[in-house]
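If you want the building blocks of each chain, they are given just below.
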Amino acid sequence: MSCCEPKHIHVPRSDAELKQLKNRIHRIIGQLNGIESMLEDNRYCGDVLIQIAAVEKALQSFGYTILQEHLETCVTEDVKEGNTDIMEEVMNLVKRLK
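Residues numbered from 1 in each chain as written. Predicted model: local features only at pLDDT ≥ 70, side-chain atom pairs only at ≥ 80, totals over all residues. Heavy atoms only, no water.

Peer 1: What am I meant to see in the nonpolar core here?
Peer 2: The tendency in soluble globular proteins is for nonpolar side chains to be buried side by side. L21, I28, I35, M38, V48, V55, A58 and F62 together form the largest nonpolar core, which totals eight residues. Mapped onto this core, the elements with two or more residues apiece are α1 (15-40) and α2 (45-80). If near-sequence neighbours (up to four positions away) are discounted, V48 is found in contact with I35, M38, L39 and R43. (Core = buried A, V, L, I, M, F, W, Y, C linked by side-chain atoms within 4.5 Å. Buried < 20%, exposed > 50% of the residue type's maximum accessible area, 1.4 Å probe, protein only. Helix = DSSP H or I, 4+ residues; strand = E, 2+ residues; numbered from the N terminus. Contact = heavy atoms within 4.5 Å.)

And the structure:
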């Protein structure tokens, strides 16, 4: 069975990889909390929008990191096993990230 067939499969990640991913998520959560505080403080709309743009960029970058991991592991494994249908999934994922 390929690692990408079921949508709920657990992907093995090293402790270092997991720590790095969690750190990035926590930074993004911190940015979102900062936006919430800015709203509570009635901060200038332009400042809030700049922070929103920063969160969007951080999330997109995080998504590309996960996509790269997916390509290097699951997709590579599927292609080696002869499952070229995985490319349709890849294209759909890329479309969703943009």
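Peer 1: Help me understand the packing of α1 against α2 in this model?
Peer 2: Each pair of packed helices can be summarised by the angle the axes make with each other and by the distance between the axes. At a closest axis distance of 10 Å, the pairing of α1 and α2 adopts a crossing angle of 165 degrees. With respect to α2, the element α1 is oriented roughly antiparallel. Handedness of the α1/α2 crossing: left-handed. Of the residues in the contact of α1 with α2, the class split is 15 nonpolar, four polar and three charged. (Axes fitted to C-alpha atoms, helices over the stretch in contact; angles between N-to-C directions. Parallel < 35°, antiparallel > 145°, perpendicular 65-115°, else oblique. Left-handed = near helix turned anticlockwise from the far one by under 90°. Nonpolar A, V, L, I, M, F, W, Y, C, P; charged D, E, K, R; others polar.)

Peer 1: Is there a simple way to think about the environment of V79 in this case?
Peer 2: Mapped onto the elements, V79 comes out in helix α2. Here V79 falls in the partly exposed class, since its relative accessible area comes to 36%. Residues contacting V79, with those up to four places away along its chain left out, are I86 and M87.

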